[in-house]
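# Survey of secondary and tertiary structure
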Amino acid sequence: MQQSAVPELAHTHTSPIQWVATATAIAGVVALSSLLQPDPATAAQPGAGATSAAAPVAAPDPAGVDFPITCGPTKVLVEKKASGDLDGDGRRETVAVVRCDAGSGTPPSGVYVLTQAEGAKEPRVVATLVDPKDRLSVTDFAVRDGAVTATLLGYSSADVPSCCPDVKDSAKWQWKNGAFVRSTPPEARSV
């Protein structure tokens, strides 16, 4: 039998202490990597004078906004809100479903898009998707993938009592060519 020219390696057999040392080293690398994260990626290019360390701007808060709805002696109630980047500029807008805080019946809703300019103290209404004058109530409201979707309940005639909407419609709004364009979602077309 011919002898090997290389002496036996000392590490051909592992011991429990080597496994503990390896596990400790791996745990240290994982812990350190969780502390050192890269800046979040964004699809938008930073504007002139912007720095990559700028904190993301929070979505506008509808509390205290002067909505274009007349409620008389009752107060304005923000029923629902959702946020997302609707126009693709990298800043989040808030969409609010608003109605008068009436005690009975089905008060009409308004759907408003809010934005807040950098450095501004208060958000402002930049678009009305549903005007309360249209006598519609909003259900199943969502902001997803740059679009606003809602189910709208309305009335077939002025003779229908305000308690009992008898018309149901689905709507979807998306920002196109500088304005919100309404369409009917594909799932709403099937009967």
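Here, the structure is the one placed above.
Our subject in this report is the structure included herewith. (Residues numbered from 1 in each chain as written. Predicted model: local features only at pLDDT ≥ 70, side-chain atom pairs only at ≥ 80, totals over all residues. Heavy atoms only, no water.)

Regarding its fold elements, the protein presents two helices and eight strands. The burial tally for the protein puts 25% of its 191 residues in the buried class. Per element, the accessible surface of the protein, about 13,300 Å² overall, is 56% carbon and sulfur. (Helix = DSSP H or I, 4+ residues; strand = E, 2+ residues; numbered from the N terminus. Buried < 20%, exposed > 50% of the residue type's maximum accessible area, 1.4 Å probe, protein only. Areas by Shrake-Rupley, 256 points an atom, 1.4 Å probe, with all protein chains shown as cover.)

The subject of this paragraph is unusual backbone geometry. Of note, the phi angle at aspartate 140 is positive, near 45 degrees, even though the residue is not glycine. Even without a glycine there, the phi angle at asparagine 177 is positive, about 50 degrees. Position of asparagine 177 relative to the elements: it lies in the loop between strand 7 (167-176) and strand 8 (179-183).

Quick look at the state of the cysteines now. Evaluation of the coordinates by the stated rule reveals two disulfides. A sulfur-sulfur separation of 2.0 Å characterises the disulfide bridge that pairs cysteine 71 with cysteine 100. Sign of the S-S torsion, about -90 degrees for the bond between cysteine 71 and cysteine 100, identifies this disulfide as left-handed. Taken together, the residues span a long stretch of sequence, with cysteine 71 in the loop between helix 1 (16-35) and strand 1 (76-84) and cysteine 100 in strand 2 (residues 93-100) at a distance of 29 residues. Owing to a relative accessible area of 13%, cysteine 71 belongs among the buried residues under this scheme. (Disulfide = S-S within 2.5 Å.)

What follows covers the packing of aromatic side chains. Between two aromatic rings, the relevant description is the distance of the centres plus the angle of the planes. For the structure shown, the criterion picks out two aromatic pairs. Centroid distance phenylalanine 67 to tyrosine 112: 5.4 Å. Interplanar angle 35 degrees. Geometry classified as tilted. Of the two residues, phenylalanine 67 sits in the loop between helix 1 and strand 1 while tyrosine 112 sits in strand 3 (residues 109-115), which places them 45 residues apart along the sequence. Judged by relative accessible area, which is 6%, phenylalanine 67 ranks as buried. The interplanar angle of 70 degrees and the centroid separation of 5.0 Å between the aromatic rings of tryptophan 175 and phenylalanine 180 together place this pair among those described as edge-to-face. Just above the ring of tyrosine 155 sits the side chain of arginine 135; from NZ or CZ to the centre is 4.3 Å. (Phe/Tyr/Trp six-rings, centres within 6.5 Å; stacked < 30°, edge-to-face > 60°. Lys NZ or Arg CZ within 6 Å of the ring centre and 35° of its normal.)

To continue, consider the environment of phenylalanine 141. Considering the arrangement of structural elements, one finds phenylalanine 141 in strand 5 (residues 137-144). Placed 46 residues apart in sequence, phenylalanine 141 and valine 95 show a C-alpha to C-alpha distance of 9.6 Å. Ignoring anything within four residues of it in the chain, the contact list for phenylalanine 141 reads Lys80, Lys81, Ala82, Val95, Val97, Val148, Thr149 and Ala150. (Contact = heavy atoms within 4.5 Å.)

On to the pairing of strand 2, then. The buried count for strand 2 comes to eight of eight residues, which makes it a mostly enclosed element. Both faces of strand 2 are covered, namely the face carrying Glu93, Val95, Val97 and Arg99 and the face carrying Thr94, Ala96, Val98 and Cys100. Taken together, the eight bridges between strand 1 and strand 2 define a ladder with antiparallel strand orientation. By the bridge assignment, serine 83 is partnered in strand 2 with threonine 94. Looking at chain direction, strand 2 and strand 3 are connected through six bridges and run antiparallel. Of the residues in strand 3, the one forming a bridge with valine 97 is valine 111. (Pairing = 2+ DSSP bridges.)

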